[in-house]
Amino acid sequence: MKISAAAAALLSLAVPTATAWTAVPTSTSIVRPSSVSIRSPSLLQSTTIKDAAVEEVAVAPDTGAREFGVVNTNKLSKLYDLVVIGGGPAGVAGAIKAAQMGRRSIVIDKPKFDAGVLPNGLDLFFGGPTGLFSKALRDLAKSTNVGALRAQEMESDVIWKQITNGIVKLAMRNSEGQCRTLARYGIDYLQGSAMLLGEDDEANKAAESKFEDDMDSPEDGLRSVKICDAKTIDEDGNLVDSDLTVTGTKVLVCTGSKSTRLPGIPFEESHRIFDSDTINLLGYFPRSVTISGLGIIGIEFANIFNALGVKDVNILVRGDVETSTKKLGMDMDVANELMRLLTKSGVKVLEGTSVSEFSYVPAPGADEEYIEMKLNDGSTMQTDLFFAATGRYPVGKNEETGLESAGVEVADRGMVGIDKKTLATSSKNVYAAGDVIGPPALASTSMEQAQRAVSAMFHEGDDDVTKDANHDDPLSIGVWTIPEMGYFGLTKEQAEKEGYSVVEGTARFDQCLRGRVFAPDGLCKLVVDEKEGTVLGCHLIGKEAAEMVHYGMALVKAGTSIFEILQTVYTAVTFHELFKEAALDANSKLDFGVEWQEIFAILQSECDIDFSEEYLREKFDSIDEDGSGELDEEEMRALFESMGRTVSKRVIFNIMRLSDTDGNGTIDFGEFKAIFDKIACPKDEE
């Protein structure tokens, strides 16, 4: 077998960790690149190539080098409990859950890109989320001082090679770790294209007969999956190309999502024009970047390219910023802070702007030339890289997967229909999880969905393992900009639509010591129920916001009040001190804040007492002997005693101090009634 110099050099990166997986040694010859430097067409080549001419290098045959994504044919011929289609976070999580429940499972996954598979079979993208590349690039953008490297007169392609070497190493660490976990659980992993067969398919009927004695309840049926373009190990230990069928009692579909490609964008010019899948193979350091779309992916990449020192970064927004960010569920103060920081860093956000025509896209090799675009307002723009971050769609209608023909209900946009508790599809013994079933399409929720589906399909017993599951529960969101964003729960606008009366408490990052010293940009906001003081939403932008939001989520889910937050002692020099600062700000906007809580605890009524306005007016007037409409401290104490409430002078003094808004030393009936409106028991709904 022969591979290019680029792949061979990349393999040399993999050898130190990959050798732990096999007793069969691999060998490569040394590649000596020339000094000529050109742009590389893809991420993998950009890690190694420095010569336009690709040298051929001999390596060990496939039988010795292939360790990942292959399975012995003897194993494949036996019945599986679970066949998983798709090797992203959902698929891997589902297979592991099945193994933990004592079931035999296999993951079948078609690599996203042939260029992402090393000669030993390791798929750099296996088991990773769609955003693995952006997260790795972000981490390297923060740790790589591009300006200092340029000051040393280092060429852009050399800098990019350093960056992408780091990305490849991080990706290898993830994919190898996932493979290691599968192996530890005894889960098979086979690379290939999988197609679900219908219940009445001849191959499935033959499998039912073949495995009848292996099934506890043959009447429950099973499902078969046809696999093409796989490599298996035959009885003699040889690696062979195979098309085969595997069978399981259950199938979990985790086929993920793909980039939405809008018409009019020449995606065939893949060396300069990218979508949210192909951007993972970016092979050069762009001089300028234009991004279409203000979704999470577009925002993240704009921020990352800017942090890498790209001076000309533009985001084209077809509508306006407010509408786009509200669609993402962002709080407007957080969104405005994000826009402020983007603008401050040099990123241009062009509202009401789109590309009407791509006038010119340079041919491969014309590295000094720029893409030329005509905008909707008639003006023109040049860019070195165009990135269409225009959303993603579920991969349910892909004919290769055969879902519809196998009886799975699939919507027009490719979303697989499921039972929201068990995640069962309309086709017997077939379940689905992850991006393929639609929003929220996050790695975290996809993993939970897969685990829930497996729990439901293999549960034995009368209790309902999904009874507490709520598929539509709100989720915490992390956006990996620099600095990060995180949010959970309701915004003020959303809370008011749900009938709450709310206040907001906001703290800027420089209001805590750690923020002042290390990361002053950012804010922490709490949306608070004005009546009860409970936290309804948490919205953050700033350093470690995507980590801190989980504490905010815990506050919302527990129904924590700002009064409890104010009593909490937070470790000094931590960002969590911001929650107390935000709670203090919210407290200052309440009619009855934390300073009233002790008074309310003393005055709290039993629910069988009716504090109606008539009752309160009668008691008030009986003490107000001079008819002034106001009571002093002694009269207030007498009033409470007449109501069966003996209150100390200290408490009366505090009530007068806090309620006497006009400062005349007395309380009128309105001020008095407001206190009892607050402490009265809620009326039962009729």
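Quick caveat, the model's predicted, so the values are computed rather than measured. Residues take numbers from 1 onward in each chain, read along the sequence in its written order. The predicted origin of the model limits local features to residues at a pLDDT of at least 70 and limits the giving and counting of side-chain atom pairs to 80 or more, whereas totals for whole chains, interfaces and linings rest on all residues. No hydrogens and no water enter the side-chain calculation; it runs on all heavy atoms of the structure.

Engineer: Which parts of the structure should I look at to understand the sheet that holds strand S12 (residues 288-292)?
Structural biologist: Pairing between the strands of a sheet comes from backbone hydrogen bonds, and it takes one of two forms, parallel or antiparallel. Strands pair, by our definition, only if DSSP identifies at least two bridges between them. Secondary structure elements are taken from DSSP: a helix is a run of H or I of four residues or more, a strand is a run of E of two residues or more, and numbering for both begins at the N terminus. Ordered in space as S11-S18-S12-S13-S14, the 5 strands form an open sheet in which the pairing is parallel. Edge strands, defined here as strands with exactly one partner in the open sheet, are strand S11 (273-275) and strand S14 (348-351). Averaged over all pairs of adjacent strands, the angle between strand axes in this sheet comes to 20°, irrespective of strand direction. Between N-to-C directions, angles cover 0 to 180 degrees, with each direction set by a line fitted to C-alpha atoms, over the stretch in contact for helices.

Engineer: What's the story with the pattern of salt bridges in this structure? I'm lost.
Structural biologist: Where charged atoms from two side chains of opposite charge approach closely, those side chains can pair. Take a side-chain nitrogen of Lys or Arg and a carboxyl oxygen of Asp or Glu: if they are within 4 Å of each other, that pair is a salt bridge. Enumeration over the complete set of coordinates arrives at 29 salt bridges. For lysine 525, the salt bridge is made with glutamate 504, and the minimal N-O distance between the two is 3.0 Å. One end of the pair, lysine 525, is in strand S24 (residues 522-529); the other, glutamate 504, is in strand S23 (residues 502-508), and 21 residues separate them in sequence. Note on accessibility: lysine 525 and glutamate 504 belong to one class, buried. Counted as one network, the salt bridges with shared partners bring together Glu337, Arg340, Lys344, Arg508 and Asp521. Three exposure classes are used, based on accessible area relative to the maximum for each residue type with a 1.4 Å probe and protein chains only: buried under 20%, partly exposed in between, and exposed over 50%.

Engineer: Explain the pairing of strand S8 (residues 223-233) to me, please; I cannot follow it from the model alone.
Structural biologist: The pairing of strand S3 (residues 71-72) with S8 spans 2 bridges and is parallel. Looking across to S8, one finds that asparagine 72 is bridged to isoleucine 233. Two strands pair when backbone bridges link them, and strand S7 (residues 193-196) and S8 are joined in this way by 4 bridges, in the antiparallel orientation. Bridge pairing in S8 places serine 193 opposite cysteine 228. As judged from the 9 bridges shared by S8 and strand S9 (residues 239-253), these two strands associate in the antiparallel manner.

Engineer: Mind showing me how you'd approach the sheet that holds S24 here?
Structural biologist: Strand order in the open sheet formed by 5 strands is S21-S22-S25-S24-S23, with antiparallel pairing between adjacent strands. Here the strands that pair on one side only, and so sit at the sheet edges, are strand S21 (477-479) and S23. Here the strands of the sheet are splayed against their neighbours by 10° on average, with no regard to which way each runs. Across 6 bridges, strand S22 (residues 484-489) lies against strand S25 (residues 535-542) in antiparallel orientation. Bridging from a neighbouring strand, glycine 486 pairs with leucine 540 of S25.

Engineer: Sorry if this is basic, but what is going on with the packing of aromatic side chains here?
Structural biologist: Any aromatic ring pair is given by two values, namely how distant the centres are and how the planes are angled relative to each other. Aromatic rings from Phe, Tyr and Trp, with only the six-membered ring used for Trp, were paired whenever their centres fell within 6.5 Å, and each pair was classed as stacked if the ring planes differed by under 30 degrees, edge-to-face if by over 60, and tilted otherwise. Taken as a whole and judged by the stated rule, the model has 11 aromatic pairs. Between phenylalanine 126 and tyrosine 189 the ring centres are 4.0 Å apart and the planes differ by 20°, which places this aromatic pair in the stacked class. Residue phenylalanine 126 is found in the loop between strand S5 (105-109) and helix H6 (132-143), and its partner tyrosine 189 is found in strand S6 (residues 188-191); the two are separated by 63 residues along the sequence. Taken as a pair, phenylalanine 126 and tyrosine 189 share a single burial class, namely buried. Measuring from centroid to centroid gives 6.3 Å for phenylalanine 133 and phenylalanine 301, while their planes differ by 20°, and the two rings are stacked. You can see phenylalanine 133 sitting in helix H6 and its partner phenylalanine 301 sitting in helix H10 (residues 296-307), a full 168 residues away along the chain.

Engineer: For this particular structure, what's the right way to read helix H8 (residues 156-184)?
Structural biologist: Given a rise of 1.5 Å per residue, 29 residues ought to cover 42 Å, and the 42 Å separating the end C-alpha atoms of H8 matches this to within 8%. Directly beyond the C-terminal end of H8, a positive phi value near 75° is found at glycine 186. By definition here, a helix of n residues has an expected span of 1.5 Å times n minus one.

Engineer: What am I meant to see in a nonpolar patch on the surface here?
Structural biologist: What goes into a patch is any residue over 30% in relative accessible area without a salt bridge, connected to like charges within 9 Å or, for nonpolar side chains (Val, Leu, Ile, Met, Phe, Trp, Tyr), within 5 Å. Methods summary: accessible areas were calculated by the Shrake-Rupley approach with a probe of 1.4 Å, and residue burial reflects only the protein chains presented. Together, Leu513, Val517, Phe518 and Val573 line one region of the surface with nonpolar side chains, adding up to about 380 Å² of accessible area. Valine 573 sits in the partly exposed class, given a relative accessible area of 39%.

Engineer: Help me understand the state of the cysteines, please; the structure alone is not making it clear to me.
Structural biologist: Working definition of a disulfide: a covalent bond connecting the sulfur atoms of two cysteines. Note that a disulfide, as used here, is simply two cysteine sulfur atoms within 2.5 Å. Scanning all chains against the criterion turns up 0 disulfides. Residue cysteine 512 stays outside any disulfide, its sulfur separated by 9.4 Å from that of cysteine 524, the closest cysteine.

Engineer: I would appreciate a short explanation of a negative patch on the surface in the present structure.
Structural biologist: A residue counts as positive if it is Lys or Arg and as negative if it is Asp or Glu; His and the chain ends are not included. The location of each charge is read from NZ of Lys, CZ of Arg, CG of Asp or CD of Glu. On the surface, Glu625, Asp626, Asp632, Glu633 and Glu634 cluster together into a negatively charged patch. Within the secondary structure, glutamate 625 is located in the loop between helix H20 (613-623) and strand S26 (630-631). Its relative accessible area of 73% is what places glutamate 625 among the exposed residues.

Engineer: Would you mind going over helix H16 (residues 545-557) with me for this structure?
Structural biologist: The periodicity of an α-helix, 3.6 residues per turn, causes residues three or four places apart in sequence to face the same way. An ideal rise of 1.5 Å per residue puts 18 Å on 13 residues; H16 measures up with 18 Å between its terminal C-alpha atoms. Where H16 is concerned, the buried positions are Ala545, Ala546, Met548, Val549, Gly552, Met553, Leu555 and Val556. The buried residues of H16 occupy an angular sector of 165° when the element is viewed end-on, so they sit on one face. More than 90 degrees from the buried face of H16, the exposed residues found are Glu547 and Lys557. We call two residues in contact when some of their heavy atoms are within 4.5 Å. For H16, the secondary structure elements touched by its buried residues are S21, S22, S25, helix H17 (562-567) and helix H18 (577-587). Glycine 559 occupies a position one or two residues after H16 and carries a positive phi of about 65°. Our arc is simply the arc of the directions from the helix axis toward the C-beta atoms.

Engineer: What am I meant to see in unusual backbone geometry here?
Structural biologist: Note: most peptide bonds trans; most residues except glycine with negative phi. With an omega of 10°, the peptide bond running from proline 439 to proline 440 counts as cis. At the junction of isoleucine 482 and proline 483, the peptide bond is cis and its omega measures out at 0° in the coordinates. At leucine 423, a position not held by glycine, the phi torsion is positive, near 65°. Structurally, leucine 423 can be placed in the loop between strand S19 (392-394) and strand S20 (430-432). Accessibility expressed as a relative area gives 0% for leucine 423, which makes it buried. Located in the positive-phi region is alanine 441, a residue other than glycine, with phi close to 55°. Within the secondary structure layout, alanine 441 lies in the loop between S20 and helix H13 (443-458).

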